[in-house]
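Structural overview
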Amino acid sequence: MKLLYSPMSPFARKVRVCAHELGIALPVAFVDPWTDEALRGANPLAKVPALVLADGAPLYDSRVICQYLDHLGGGGLYPAPGAALWRALRLEALADGICDAAVRRRMETIRQDVRHDDVIVRQALAMTAGLDALEAEAAAGLTGFGIGEIAAACAVGYLDLRFPDDRWRDGRPALAAWSETAAARPSMAATVVSPA
Ligand SMILES: N[C@@H](CCC(=O)N[C@@H](CS)C(=O)NCC(=O)O)C(=O)O
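Residues numbered from 1 in each chain as written. Predicted model: local features only at pLDDT ≥ 70, side-chain atom pairs only at ≥ 80, totals over all residues. Heavy atoms only, no water.

Time to look at the packing of helix α4 (residues 117–140) against helix α5 (residues 147–162). One way to put it is that α4 packs onto α5 with a least axis distance of 12 Å and a crossing angle of 135°. With respect to α5, the element α4 is oriented oblique. Crossing of α4 against α5: the hand is left-handed. Only A152, V156 and L159 of α5 make contact with α4, whose side of the interface consists of M127, L131 and L134. In the contact of α4 with α5, the residues fall into six nonpolar, no polar and no charged. (Axes fitted to C-alpha atoms, helices over the stretch in contact; angles between N-to-C directions. Helix = DSSP H or I, 4+ residues; strand = E, 2+ residues; numbered from the N terminus. Parallel < 35°, antiparallel > 145°, perpendicular 65-115°, else oblique. Left-handed = near helix turned anticlockwise from the far one by under 90°. Contact = heavy atoms within 4.5 Å. Nonpolar A, V, L, I, M, F, W, Y, C, P; charged D, E, K, R; others polar.)

Encoded structure:
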């Protein structure tokens, strides 16, 4: 089994944190999704992360890979079906959505040709509203470190990496305090990257 990943990708980090939390050794191979067309062999969408299984079968995207790893590792990252599971999956969707918006905003911001400010503004709005919703989740209480919390921790970690000037902690005390505890977990410490 091998994870095709990019160290900066919050989605790939989510997968790696899940593996760490589950005690699964996950071999990785660096791939640049923007330039490496070979990635399409594993994921026709040419996005990271993609997991290539021992028999060569690929799995994508991060939500599918995380569920696969949870199954492989004997479970524990997903609550049993019921209100707790729906909340965890909502949290994951929210965190992933913030990352989607952040990645899109960044790509538009660094464009060398035509830059569409309306795209940047719309993605920034999604990030702000998404973070406010995460703050509400944190204020209501985030307990344990399952799939929802892992996704949330990777999302705010990505913002620290790519958008430090956004100062996402301002006005979000519950999320800021929770993120300190989350960042101290060995799985998060083992997967943190510094800005390139
Ligand atoms: N929904 C996907 C999102 C993956 C994603 O957007 N990955 C980015 C890197 S952070 C990527 O590979 N982008 C390349 C592209 O969009 O062509 C997942 O959860 O795996």
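To continue, consider the site of the ligand. As a structural note, the neighbourhood of the ligand is formed by S9, P10, F11, P33, W34, A46, K47, V48, P49, D61 and S62. Note that a nitrogen atom of the ligand is positioned 2.9 Å from one of the backbone N or O atoms of V48. One of the side-chain nitrogen or oxygen atoms of S62 is found 2.5 Å away from an oxygen atom of the ligand. (Near = heavy atom within 4 Å. Polar contact = N/O pair within 3.5 Å; in protein donor to acceptor, adjacent residues only side chain to side chain.)

Let us look at the pattern of salt bridges. Side chains bearing opposite charge may pair, as long as their charged atoms lie close to each other. Counted under the stated rule, the structure contains 15 salt bridges. In this structure, the salt-bridge partner of K14 is E92, at a minimum N-O distance of 2.8 Å. Here K14, found in helix α1 (residues 10–22), pairs with E92, found in helix α3 (residues 83–109); they are 78 residues apart in sequence, far enough to count as distant. Close ionic contact of D166 with R105 constitutes a salt bridge, the shortest N to O distance being 2.9 Å. Remark: R105 occurs in helix α3 and D166 occurs in the loop between α5 and α6 (173–183); sequence separation between them is 61 residues. A relative accessible area of 13% means that R105 is categorised as buried. Taken together, the shared-partner salt bridges connect K14, R63, E92 and D96 into one network. (Salt bridge = Lys/Arg side-chain N within 4 Å of Asp/Glu carboxyl O. Buried < 20%, exposed > 50% of the residue type's maximum accessible area, 1.4 Å probe, protein only.)

Now for the sheet that holds strand β2 (residues 28–30). Read across the sheet, four strands follow the order β2-β1-β3-β4 without closing on themselves; strand pairing throughout is mixed. Looking at strand neighbours, the two that pair on one side only are β2 and β4 (58–59), the edges of this open sheet. The pairing of strand β1 (residues 2–5) with β2 spans three bridges and is classified as parallel. The residue bridging L3 from the neighbouring strand is V28, located in β2. Across the sheet, α1 lies against β1 and β2, angled at about 155° from β1, the strand it touches most. (Pairing = 2+ DSSP bridges.)

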